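Here is how the chains run, residue by residue.
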Amino acid sequence: MSEAEAPVSLPATAVSPPAEAALDPDRALVDRARAGDTGAFEMLVRRYQGWVFTLALRMLGDRAEAEDIAQEIFLKAYRGLRRFKGASRFSTWLYAIGSHHCLNQFEARRRWPRPYGRAGDRPDHAEHDPLAAVDRLADQAPRADALLEQTDLARIVKAELANLTAEHRIILVLRDIQGLSYEEIAQTLRLELGTVRSRLHRARMEMRARLTPHLSK
Amino acid sequence: MRCDEARAVFSELYDEALSGAPLVTVTQHLANCPACRADWASFRKAMQAVADLGTAEPSPDFAARVRRRLEAPLRWRRVLRWLFLPLRVKVPIQAVAVVLLAFAGLLLYQRLPELRRAIEPSQIPSPPVAREAPAPASPPAGGEPVRKEEGPAPQGETPKAKQAEPAAPPMAAVGPTPAAPQEAEKTRSVPVLRDETGDSGTATTPSQPLKVEESPREFRAKSGAAGVAPRPLQQYAPAPAKEAQISAPQAKPADVLYVTGLTDLADGKYERAIENFRAFLAQYPQDARMPDARLRLGEAYFGQGRYAEALREYEAVAQQFPSGPQVPTSLYLQAQARLAQGDRSGCQLLREVADLYPQAPEAASARQVLAARCR
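All values derive from a computational prediction rather than experimental measurement.

Q: Any chance you could explain the overall build of chain A here in plain terms?
A: When you go through chain A residue by residue, the secondary structure sums to 12 helices and zero strands. In chain A, the succession of helices and strands from N to C terminus is α-α-α-α-α-α-α-α-α-α-α-α. The buried share of chain A, reckoned over its 217 residues, is 38%. Within chain A, contacts between residues at least 6 apart in sequence are counted, and of these 71% link residues at least 24 apart.

And the structure:
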């Protein structure tokens, strides 16, 4: 596997932003992409596509839609490269773009909900199956790895995740699924560190309260 | 440590963010409190379930699709490229097309009389008409102050030379007809004083754009013919039966028809001049410019080589206005038309002009033609 395709390893240690920027492993690719090298940007996409796609999928639930959202996030990042001055790591900057784009999409969906999700969903299915909400959010033709996720517990967790507020959901996804540090979450969501701690605690306690009845079975 | 205090740090405990005394305190509390210990186990299990969702990967061609979208030009860029690239080819073609379009538009404007006439009336104001104003018995001596004196014919231009070019009307040869639009503009600025009752008033013609060295009115004043009371204008109108045959499909203002006719005549567009003057005569038979319009109509016929029709118009003016200021002009033009037809009786008419109207501007021209062609 080439350097460009290496899996993402996010540092969990707290590093100050300038020091982070100096240690940015993406600097060379970012410089080339900023100069118009789409091949270099494609390498960045390969490096971070899993992270961005997971964020979109956990926030919005639909694989096809998550791919569209992930593409839009990368396009926004490419067009915004001129404004990226390197004050932070490229990954942090990309997380911020992705998080805010997902929150905007989440808000848009809340205001203009789709009645039955994607084509093939049925309203009667939604009425009789308590996990229909998860199915609505799930891809209609999931891949093999997605099928592996379709255990009962995973479906319950996704369903309960979908019931959280946007701010609780994203902070839970960033910390417990994506593995970002408190500092990275603070930079990504532009929050104070204390706010990150307290909000994460409340999100976790709510999630625990929602999952406890299912976990005790 | 109380139970609520211990539960308040579950999140940090789960993230292993506690150390030192807080970590010892909460650990001791969990060891001693079964309820909190059960809560803590439940908390860890729930968080582990969330973490087990794990990451997901998009389609294998995801990155390639992103790159394709990056490299796909925006729609407006595609349009600009289609319009202008390659620059060396498309820009000259577009420049030539613009020039051709502009030229075609100009040509269309010039060649399309309907379009031109549709535009011109809105630009030409109607002349002020004082219908009830009393007409003077005779114009003041010295002629019309507004009448523009036309210069004499060039010395080198002989009637014989004019005769050699039948396409040119005699009036155009005598006077500078290209100045007709300017004359017409002056004509429009002169109020028309008209007595429509015709019993005692004098129909004073406005300044006429005749291409003669001296206006007929000046000639009339100088020759003592000013005292002759003209007939009512209604009598000057052409016969109704004749005019009924004249097609005048468009009802244009009198000024528009008359000025456009003058302009066409000056431009050598005789057919259009004929149309305009015929329409003028048909629609405005009582207009004070009617005699001059007939003379102009005759000029247009003459320009086309239709000498018989020109002669008919000239004779009609002389017959209908026997004491009018246009008589010497009419006689002179009749002579020209007859000579053009090979009729030597034109010489007799020229002598009449020279003898009966010695102060008329046509007299000098008549003597020149007599010397050249009637020996």
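Q: Where do I start with the interface of chain B and chain A in this structure?
A: Often, the extent of an interface is quoted as the loss of accessible area on bringing the components together. Listed as interface residues are 24 residues of chain B and, on the opposing side, 32 residues of chain A. Elements represented by at least two residues in the side of chain B that touches chain A include exactly α4 (34–52) and α5 (62–71) of chain B. In terms of residue class, the side of chain B that touches chain A is built from 13 nonpolar, five polar and six charged.

Q: What is the right way to look at unusual backbone geometry in this model?
A: Both trends apply: most residues other than glycine have a negative phi, and most peptide bonds are in trans. Despite not being glycine, Arg-190 of chain A has its phi angle at roughly 55 degrees, a positive value. Note that Arg-190 of chain A resides in the loop between α11 (182–189) and α12 (193–215). By C-beta crowding, Arg-190 of chain A is classed as exposed, having 10 other C-beta atoms within 10 Å. Although it is not a glycine, Glu-16 of chain B adopts a positive phi angle of roughly 55 degrees. Tracing the sequence through the fold places Glu-16 of chain B in the loop between α2 (10–14) and α3 (20–32). Under the C-beta neighbour-count criterion, Glu-16 of chain B is labelled exposed, with 8 such atoms within 10 Å.

Q: I would appreciate a short explanation of helix α16 (residues 270–283) of chain B in the present structure.
A: The periodicity of an α-helix, 3.6 residues per turn, causes residues three or four places apart in sequence to face the same way. Residue and element names in this part refer to chain B. Compared with an ideal rise of 1.5 Å per residue, which puts 14 residues at 20 Å, α16 spans 20 Å between its outermost C-alpha atoms and is within 8% of the ideal. Judged by how many residues are buried, α16 sits mostly within the fold: 10 of 14 residues are covered. Restricting attention to buried positions, one finds in α16 the residues Tyr-270, Ala-273, Ile-274, Glu-275, Asn-276, Phe-277, Arg-278, Ala-279, Phe-280 and Leu-281.

Q: I would appreciate a short explanation of the nonpolar core in the present structure.
A: Soluble globular proteins tend to pack their nonpolar side chains together in the buried interior. Counting 60 residues, the largest nonpolar core has Val-52, Ala-56, Ala-70, Phe-74 and Ile-171 of chain A together with Val-50 of chain B as its most contacted members. In terms of residues, this core owes the most to one element, helix α3 (residues 38–60) of chain A, which gives 12 residues. The residues touching Ala-70 of chain A, leaving out its near neighbours within four places in the chain, are Gln-49, Val-52, Phe-53 and Ala-56 of chain A together with Pro-58 of chain B. By size, the runner-up hydrophobic cluster in this structure holds 48 residues, among which are Met-290, Phe-302, Phe-321 and Leu-349 of chain B.

Q: So what exactly am I meant to see when it comes to the confidence of the model for chain A here?
A: Low-pLDDT portions of the prediction should not be read for the details of their coordinates. Residue and element names in this part refer to chain A. The predicted model of chain A has a mean per-residue pLDDT of 76, with 71% of residues at 70 or higher. Across residues 1–15 the pLDDT falls below 50, and counting only partners more than four positions away or on other chains, this stretch makes 18 contacts in the model. Under a pLDDT of 50 for its full length, residues 116–142 has, in the predicted model, 30 contacts with residues more than four places off or in other chains.

Cut-offs and rules
- Residues numbered from 1 in each chain as written.
- Chains lettered and ligands numbered in written order.
- Predicted model: local features only at pLDDT ≥ 70, side-chain atom pairs only at ≥ 80, totals over all residues.
- Helix = DSSP H or I, 4+ residues; strand = E, 2+ residues; numbered from the N terminus.
- Buried ≥ 20, exposed ≤ 12 C-beta atoms within 10 Å, placed from the backbone.
- Contact = placed C-beta atoms within 7 Å.
- Nonpolar A, V, L, I, M, F, W, Y, C, P; charged D, E, K, R; others polar.
- Expected span 1.5 Å × (residues − 1).
- Core = buried A, V, L, I, M, F, W, Y, C linked by C-beta atoms within 7 Å.
- pLDDT = per-residue confidence, 0-100.

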